[in-house]
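Analysis of the macromolecular model
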2 protein chains.
Amino acid sequence: MSEFDEAGLIAAAAAYEKALRDDDLAALDLLFAPGARTLRAEGGVAVVGHDEISRFRARRGGAPTRWLRRVHVRWASPTDALTVSETERLDRGRGLQTQLWRRGDDGWRVVAAHVSGAPLTPPLAQVDDAAVWRAGGGPEPLLTGAGTGPLAGVRLAVKDLVAVAGQAVGGGVPRWLEQAPRENASAPVLQTLLDAGAVVAGIAQTDELAFSLMGVNEHYGTPRNTAAPGRVPGGSSSGSAAAVAAGLADLGLGTDTAGSLRVPGSFSALYAWRPTHGVVDASGVLPLAPSFDTVGLLARDAALLADAAGLLLPEELVQRPEALLRSRALLDLADEPTRLAVEAGLTALAVQTGLPVRDLEDDFTAGQAAEWTDAFRTVQAAEAWATDGAFVEANPGALSPSVEARFRAGADLDPGTVARARETVDLTRRRLQTVLRQGFLALPSTATPAPRTDATAAEFEAARGRTLQLSTLASQAGVPALGLPWGRVGELPVGLCLLAPRGADRSLLALLAEVAPPRR
Amino acid sequence: MSEFDEAGLIAAAAAYEKALRDDDLAALDLLFAPGARTLRAEGGVAVVGHDEISRFRARRGGAPTRWLRRVHVRWASPTDALTVSETERLDRGRGLQTQLWRRGDDGWRVVAAHVSGAPLTPPLAQVDDAAVWRAGGGPEPLLTGAGTGPLAGVRLAVKDLVAVAGQAVGGGVPRWLEQAPRENASAPVLQTLLDAGAVVAGIAQTDELAFSLMGVNEHYGTPRNTAAPGRVPGGSSSGSAAAVAAGLADLGLGTDTAGSLRVPGSFSALYAWRPTHGVVDASGVLPLAPSFDTVGLLARDAALLADAAGLLLPEELVQRPEALLRSRALLDLADEPTRLAVEAGLTALAVQTGLPVRDLEDDFTAGQAAEWTDAFRTVQAAEAWATDGAFVEANPGALSPSVEARFRAGADLDPGTVARARETVDLTRRRLQTVLRQGFLALPSTATPAPRTDATAAEFEAARGRTLQLSTLASQAGVPALGLPWGRVGELPVGLCLLAPRGADRSLLALLAEVAPPRR
């Protein structure tokens, strides 16, 4: 146990947020330390003295609604801690709240606070970018839906692996597109969204046959990442992510095998949902490694993501987790700034939901992560070759050399190696399932923020390798994962990822809804 | 010695402010703790990591100029302290800066900071109020000056004790005014200001014959205190203070015997200057107690006050004090919120000037303060009776009962009592002169913020009595005093007062100029 009472501090901060939401003046008074030295500063003025602050609050008549996005904790002593909270406001503005907490006999109390707001974030870039779209993307939808319904008017950026009625599927590879038939019907997952009122804004680019995580496509270019200028958007759902991040679409419909929704979500500041393996109909969608393939969503707006995901899911019992689980080993797989950003996001989630944060008692190790990543890559390569090997063999030069090499690594695997790798994947799956009985597991969506667009192939490969150690955990276990775009490293976004037990997608989305502003 | 290294903290904070003014990036980098956890939040966003913060600063190209007005220090441990600074900006907006400092082997470093600004303060009330003016106060000046000069266009609110050419002096008493001749010439002090371009906006009300500190006048009413609605403006320079606080005038020309400039300055959020006794020509100004009477100024704008005061002073060697002196005993004469506010103001002054704060080694005591106040009141009453006793005797009922009683207390004093009181005053003067060899002494301008206008006579008398313990110290020693309107108790202003050695008025004003925005 640490000498620092983090659990008590988070519980007090959670009580404070609840009291603020409820404008419960008695509770707020109690959570501020008594006495003449207690201080609250806002709007250029510090109000000093517990009772003066209490009078201010009574006059104010409620604080504006806010949602915590990062809570940074800095310990000054075992009984003194500073929290700096970054918040999102109803009007899309941002807020900051700094509090110095002190632990006395009665628990944690605020001894000093500084609150500030910032104006609305600037409107979305709306930069059109040819590298985003393989088809459509113009002012008129490529395909319209039911016209009315819960997703009326929601613009979809459909990854070019998903069948769109009247269009061919291009798979991010020109040679593939040349050979692809025009689809008679949209994939069922897309049709469900269309039936709810959504429209297809366009068919969005993907990394070649979805076998990459960076969002770089040598044939079509790299979609511009407006959330992190000069950086890759992440892939393989690259065009969908870039389109949603730039406001060219509201919802990205994509796939996630090894992280292809969560990685672009992390790099492009989007909410990303990878469903439980098998619960969302993947027919009509190009496969890569069927043991791991899923179809899911990307969105800027958490409430929209939750609404849309709800349409794709079977009925499930919704349960609130008992705790948010933290694995030091998984956090340490990320670079330090990413780890700190993800920890701040996790604390914000805990403070906002009131759920305790528990460190894994029997934590993973870095060695295990290296092992499970190797096993995953082996199985993925074997399945990818089984899926697309014939195309690769028949079309030399159709793929960029690095992606072709990735496919070919699966060509010569001996069955014993693959079988042993599957056993490791199974062990990882069981291990994670045991862990998830205790709560939802939080980890970094990616090991780093988005690399620069001018990174070398080796740098991209290194970034991919480090991130796979984190992202393939959900893939191997088949559990649902939710990427929250709450982390920030300098000006770069980075995601916090939550894993829930198999079939608990609705519980994961319900937790998201607790901390999401109303749909905009 | 305290376990808390306040001196080191203030020195580090001063170095930080200097580096910020100079945009000295290397110094700022050094003052922020190294490492990935150091944090700086502003505009809704926290930047995490020393080097990220450094990059932010390099991009920013300098911070907006600011002047500290209060620095609240809260200790979290002997090596961790929070400072919350309230600042005034060039554009009259306000700023807040919260910093968590940590002391390591290399000294104090910032580990977390939160900076925010607030828009311009609303324009001045400009409420016209008949109780402010005894004459004039309309759109046209009552008397114009040279037209050009360093005070061109500056509007004066002249206390109704000062001769204004063509007007009678009313002294705050209708019966006095009836008997007063029209003045042929303005008092020399006023003429100097007129010659520098100032104009007389009006003749401002005073407490009856200047023998009060609250700003209540039973004949003419209580001028409205726009800086503290519902509260008295303080006196006896009550109308001058109210006019300047409301923006009806720029400069108040008044008198200070026992605090009659510093008290309304404290209650009405104005800079107040009481000069060294005898250096500003008091001819043409009604006396009260000549041993203590001075003529000085009130202003909203510190730079204007310094400029105008400079015109009234003889040439003097300007010297920077070695330290700011703090007397715990004097601070404790104020109520606790006032004390805390004044301490925050003193810390702001120290941080901004880089001067150390030193506690008096051989401090005053509460008993001494009671004694010197009694002595002062005795001498003042004796002199006031000598000055105005004939009028009081000849005009029964001309004064309100409480002021008349105050005069009459001086009527029957036996010479031995007065002589002993003068000895105590002399002792106090010598004691303070010794103290002031070490630096400028800081103390509360008043013991409390302004009382409510509906306070009882007993409450007013109690407030007057407590404040006199503080305010008469300068009066007895004849030393110059400067009231800085930097304290704040809830929404009420309260002043920090600085005392300097006799004849060091220009040094006091030079220190003020160091911490004042350019004249507006």
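Residues numbered from 1 in each chain as written. Chains lettered and ligands numbered in written order. Predicted model: local features only at pLDDT ≥ 70, side-chain atom pairs only at ≥ 80, totals over all residues. Heavy atoms only, no water.

Examining helix α6 (residues 238-245) of chain A
Residue and element names in this part refer to chain A. What counts, and what does not: Burial status follows relative accessibility: with a 1.4 Å probe on protein chains alone, a residue under 20% of its type maximum counts as buried, one over 50% as exposed, and anything between as partly exposed. Counting from the N terminus, the helices are DSSP H or I runs at least four residues long and the strands are E runs at least two residues long.
The buried count for α6 comes to eight of eight residues, which makes it a mostly enclosed element. All of the buried residues along α6 are S238, G239, S240, A241, A242, A243, V244 and A245. Just downstream of α6, G247 is the residue with a positive phi angle, here 80 degrees.

Structural notes on the sheet that holds strand β6 (residues 107-118) of chain A
Residue and element names in this part refer to chain A. Formally: Between any two strands, pairing holds if DSSP finds at least two bridges. Axes here mean lines fitted to C-alpha atoms, for a helix over just the part in contact, with angles spanning 0 to 180 degrees between N-to-C directions.
Spatial ordering of the open sheet is given by β2-β1-β6-β5-β4-β3, a layout of six strands whose pairing is mixed. In this open sheet, the two edge strands, each paired with only one partner strand, are β2 (45-48) and β3 (66-77). For this sheet, the mean inter-axis angle between neighbouring strands, taken without regard to orientation, is 15 degrees. Pairing of β3 with strand β4 (residues 80-89) involves ten bridges; the strand directions are antiparallel. When the sheet's bridge partners are listed, V73 is paired in β4 with T83.

Concerning the relation of the copies chain A and chain B
Applicable threshold: Here the copies are matched by least squares. The fit uses the C-alpha atoms of residues with pLDDT of at least 70 in both. Contact between two residues is taken to exist if any of their heavy atoms lie within 4.5 Å; hydrogens are not considered.
Take chain A, turn it by 180 degrees, move it 0.0 Å along the axis, and it overlays chain B with an RMSD of 0.1 Å. Taken together, the rotation and translation relating the two chain copies correspond to the operation of a two-fold axis. A share of 100% of the interface residues of chain A reappears at the interface of chain B, consistent with the copies meeting face to face through the same patch.

Here we look at the packing of aromatic side chains
All names here are of chain A. How we decide: Two rings from Phe, Tyr or Trp (for Trp, the six-membered ring) form a pair when their centres sit within 6.5 Å of each other. Planes less than 30 degrees apart are called stacked, planes more than 60 degrees apart edge-to-face, and all others tilted. The rule for a charge over a ring is simple: NZ of Lys or CZ of Arg within 6 Å of the ring centre, and within 35 degrees of the ring normal.
Across all of its chains, the model carries 16 aromatic pairs over all chains by this definition. An angle of 90 degrees between the planes, with centres 5.3 Å apart, marks the rings of F364 and W372 as edge-to-face. Note on accessibility: F364 and W372 belong to one class, buried. Here the aromatic residues F4, W75 and W108 are joined through ring pairs into a cluster of three or more. The residue whose ring lies beneath R57 is F32, and the NZ or CZ to ring-centre distance is 4.5 Å.

Some points on the interface of chain A and chain B
Spelled out, the test is: Buried area, as used here, totals the accessible surface that two parts lose on assembly, with accessibility defined by a 1.4 Å probe and the loss added over both. When a carboxyl oxygen of Asp or Glu lies within 4 Å of a side-chain nitrogen of Lys or Arg, that pair is called a salt bridge. A 3.5 Å cut-off defines polar contacts: any pair of N or O atoms within that distance qualifies, except that in protein one atom must be a possible hydrogen donor and the other a possible acceptor, and neighbouring residues in sequence count only when both atoms are side-chain atoms. Lys, Arg, Asp and Glu make up the charged group, whereas Ala, Val, Leu, Ile, Met, Phe, Trp, Tyr, Cys and Pro make up the nonpolar group; the residues left over, Gly among them, are polar.
In this complex, chain A contributes 40 residues to the contact, which on the side of chain B involves 40 residues. For the chain A face of the interface with chain B, the top three residues by lost area are A:R37, A:R74 and A:H114, together amounting to 18%. One can count two salt bridges joining chain A with chain B. Note that B:E491 and A:R59 form a salt bridge whose closest N and O atoms lie 3.5 Å from each other. Joining chain A to chain B, the criterion identifies twelve residue pairs in polar contact (both at pLDDT 80 or more). Broken down by element, the residue count for the side of chain A that touches chain B peaks at seven residues, all from strand β5 (residues 94-104) of chain A. Along the lines of polarity and charge, the residues of the side of chain A that touches chain B split into 18 nonpolar, ten polar and twelve charged.

Regarding the pattern of salt bridges
Evaluation of the coordinates by the stated rule reveals 69 salt bridges over all chains. Where A:D256 meets A:R274, a salt bridge forms, and the shortest distance between an N and an O atom there is 2.9 Å. One end of the pair, A:D256, is in strand β10 (residues 251-256); the other, A:R274, is in strand β11 (residues 271-274), and 18 residues separate them in sequence. Here B:E461 and B:R406 are joined by a salt bridge, their closest N and O atoms 2.9 Å apart. Separated by 55 residues along the polypeptide, B:E461 in helix α14 (residues 457-477) and B:R406 in helix α12 (residues 401-408) bring together distant segments of the chain. Relative accessible area serves as the criterion here: at 30%, B:E461 is assigned to the partly exposed category.

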